[in-house]
Amino acid sequence: MEFIPYALPLIEDEEIKEVIDTLHSNWLSKGPKTVEFEKQFKEYVHAEHALGLNSCTAGLHISQLAAGIGQGDEVITTPYTFVASANTIIHTGATPVFVDIDPVTMNIDPKKIEEKITEKTKAIIPVHFAGYPCDMDPIMEIAKKHNLIVIEDAAHAVYTKYKGRMIGSIGDFTCFSFYATKNLVTGEGGLVTTHNEEWSDKMRVMSLHGMSKNAWNRYGDKGTWFYEVEYPGFKYNMTDVQASLGLVQLGKLEKMQQRREEIAKKYNAAFSNVEGFTTPYSNEENVHAWHLYVLRLKENEFTIDRAQFIEELKEKGVGTSVHFIPVPMHPYYKQLGYNIEDYPNALAAYNGALSLPLYPKMTDEQVDHVIDAVLDLAKTFKK
């Protein structure tokens, strides 16, 4: 069997036709398809406002700025995330404050948040790891009690539901990613939702160089050549080429998610009773988006370590990844004084984490090959 990559997008004729239509329209940057994608996405997640952007990172950045976060402030988040969650806090001039994860869900532990709140704390950024929702009710209660903003990092959480509510409708801001490996793909791209019109307007201005509201559509028939810059903004806007992919992908998201769930169930059935493995947590109360399938190898159960396990799988034609190297382990954050030993649950999760291929394009034969390869290694290298 040919090598099975860790992740591949599902791009079919519908996406190609929609992109070609966009190219023929001569409107390649932000235009009518971006506006339509924003409209359809906010309706999908039950949000009042949505802003298409060039990345989830951009959304995290301008969400904090729109909320007034800046120099001298502190923002609480998880150490077990991609660095963008923390980097954007640095970009605002604020200081990241990490709270260790729940060892079962691998999401930020709400029970540990309040002990990290100070008079400088302005926001909480929970990250819905792998597509499973954070426990949002206690997080929102803590935020209300301490007058904090909640900015959800939902890079993994398109399609995720928390107690029947769509992620994208709960926090003050919710930031999504449509990167090439995500559940909904626009190549690069992201989007932020909010129920607050004032914040939405601020972010829209910030995302396009800080130009005034009446300059957003300068080149349309209702636009104007005149513009004023209200803020030293950024070039963060989504393009119509990206949005054309997003519109088609949103329409087939349900079908793609069904396939992800099928694969995750097959993995769970194969691995849940294997000594030495911990399978991902999920329950019937919430909807897991299954962006990632993170199998955890238990310490000292095998004669090889996680790095060698990855190499052995590669020899068997299976691509994998590791999600994530905790933020405090990176050199920049080490030199700021962060120490991974302060977050033992995040460290333990990282030491055993192994992300297996999981995407709608996988065939049943490929899924079976991954299962066989993993089980063979578990048997061969069992202590």
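Above this note sits the structure.
Let me sum up the structure you'll find in this document. This is a predicted model, so every value here is computed, not measured.

**Points about the nonpolar core**
Counting 39 residues, the largest nonpolar core has F37, F41, I113, F176 and F178 as its most contacted members. Of all the secondary-structure elements, those providing two or more residues to this core are α2 (32-45), α5 (136-146), β5 (149-154), α7 (240-251) and α8 (253-271). If near-sequence neighbours (up to four positions away) are discounted, F41 is found in contact with F176, F178, L184, L191, T193 and L250. By size, the runner-up hydrophobic cluster in this structure holds 31 residues, among which are F271, V274, L297 and L354.

**Structural notes on the sheet that holds strand β12 (residues 353-356)**
Taken in spatial order, the 3 strands line up as β10-β11-β12 in an open sheet, and their pairing is antiparallel. Unpaired on one side and paired on the other, β10 (277-278) and β12 mark the two borders of the sheet. Sheet topology places strand β11 (residues 293-297) next to β12; 4 bridges connect them, and they run antiparallel. Within β12, the position partnered with L295 by the bridge is L354. Most of the contacts of helix α9 (residues 306-315) go to β12, to which it runs at about 20°, and overall it touches β10, β11 and β12.

**Thoughts on the layout of surface pockets**
Size it by volume and the second largest pocket reaches roughly 510 Å³. Surrounding the second largest pocket, 25 residues form its lining, F82, A155, S177, Y179 and K182 being those nearest its centre. The leading source of residues in the lining of the second largest pocket is helix α3 (residues 56-66), at 3 residues.

**Describing the pattern of salt bridges**
Taken as a whole and judged by the stated rule, the model has 20 salt bridges. Across the pair E12 and K255 runs a salt bridge whose closest N-O atoms are separated by 4.0 Å. Here E12, found in the segment before α1 (13-25), pairs with K255, found in helix α8; they are 243 residues apart in sequence, far enough to count as distant. Several salt bridges converge on common partners, so that one network encompasses E12, E15, K252 and K255.

**Some words on the environment of T181**
Positionally, T181 belongs in the loop between β8 (173-177) and β9 (190-194). Residue T181 is classed as partly exposed on the basis of its relative accessible area of 24%. In this structure, the C-alpha to C-alpha distance between T181 and L10, residues 171 residues apart in sequence, is 9.6 Å. Those residues in contact with T181 that sit more than four places away from it in its chain are A7, R260 and H291.

**Section: a nonpolar patch on the surface**
A surface patch of nonpolar side chains, amounting to about 230 Å² of accessible area, comprises I11, I16 and I20. When you line up the elements, I20 lands in helix α1.

**Focus on α2**
Compared with the 20 Å implied by 1.5 Å per residue over 14 residues, the 20 Å span of α2 between its first and last C-alpha is a close match. Among all positions in α2, only K33, T34, F37, E38, F41 and V45 are buried. For α2, the arc enclosing every buried residue in end-on projection is 140°, short of the 170-degree limit, so these residues lie on one face. H46 occupies a position one or two residues after α2 and carries a positive phi of about 65°.

**Some remarks on the state of the cysteines**
Inspection of the entire model under this criterion finds 0 disulfides. C56 supplies the cysteine sulfur nearest to C134, a cysteine that is in no disulfide, at a spacing of 13 Å. Between C175, a cysteine without a disulfide, and C56, which holds the nearest cysteine sulfur, the sulfur-to-sulfur distance is 5.3 Å.

**So, the sheet that holds β5**
Taken together, the 7 strands give an open sheet; going across it, the order is β1-β9-β8-β5-β4-β2-β3, and neighbouring strands pair in mixed fashion. Single-partner strands in this sheet number two, and they are β1 (49-53) and β3 (95-98). With direction set aside, neighbouring strand axes in the sheet form an average angle of 25°. The pairing of strand β2 (residues 74-77) with β3 spans 4 bridges and is parallel.

**Notes on empty space enclosed by the protein**
Using the criterion set out here, one finds 3 cavities of 30 Å³ or more in the structure. Quantified by volume, the largest cavity comes out at close to 80 Å³. V104, T105, M106, F129, A130, Y132, P280, Y281, H288, V294 and R296 are the residues that line the largest cavity. Partitioning the lining of the largest cavity into residue classes produces 8 nonpolar, 2 polar and 1 charged.

**Considerations on the packing of aromatic side chains**
Each aromatic ring pair is specified by the distance between its two centres and by the angle formed by the two planes. What the rule picks out here adds up to 24 aromatic pairs. Geometrically, the ring pair formed by F41 and F176 is edge-to-face, given 4.9 Å between the ring centres and 70° between the ring planes. Residue F41 is located in helix α2, and its partner F176 is located in strand β8; the two are separated by 135 residues in the primary sequence. Owing to a relative accessible area of 0%, F176 belongs among the buried residues under this scheme. Every member of this aromatic cluster is reached through a ring pair, and the members are Y267, F271, F277, W290, Y293, F302 and F309.

**Let's talk about α1**
Helix length check: α1 (13 residues) gives 18 Å between terminal C-alpha atoms against 18 Å at 1.5 Å per residue, within 8%. Of the residues making up α1, those classed as buried are E15, V19 and T22. Burial along α1 is one-sided: seen end-on, the buried residues are contained in an arc of 55°. For α1, exposure combined with an orientation more than 90 degrees from the buried face picks out D13, K17 and H24. Buried residues along α1 sit against α2 and α7. Just downstream of α1, N26 is the residue with a positive phi angle, here 70°.

Cut-offs applied
Residues numbered from 1 in each chain as written. Predicted model: local features only at pLDDT ≥ 70, side-chain atom pairs only at ≥ 80, totals over all residues. Heavy atoms only, no water. Core = buried A, V, L, I, M, F, W, Y, C linked by side-chain atoms within 4.5 Å. Buried < 20%, exposed > 50% of the residue type's maximum accessible area, 1.4 Å probe, protein only. Helix = DSSP H or I, 4+ residues; strand = E, 2+ residues; numbered from the N terminus. Contact = heavy atoms within 4.5 Å. Pairing = 2+ DSSP bridges. Axes fitted to C-alpha atoms, helices over the stretch in contact; angles between N-to-C directions. 1 Å grid on protein atoms, 1.4 Å probe; cavity = no way out; pocket = protein on both sides within 12 Å on 5 of 7 lines; lining within 4 Å. Points joined across faces, edges and corners; volume = space filled by probe spheres on them. Salt bridge = Lys/Arg side-chain N within 4 Å of Asp/Glu carboxyl O. Patch = residues over 30% accessible without salt bridge, like charges linked within 9 Å, V, L, I, M, F, W, Y side chains within 5 Å. Areas by Shrake-Rupley, 256 points an atom, 1.4 Å probe, with all protein chains shown as cover. Expected span 1.5 Å × (residues − 1). Arc of directions from axis to C-beta. Disulfide = S-S within 2.5 Å. Nonpolar A, V, L, I, M, F, W, Y, C, P; charged D, E, K, R; others polar. Phe/Tyr/Trp six-rings, centres within 6.5 Å; stacked < 30°, edge-to-face > 60°.

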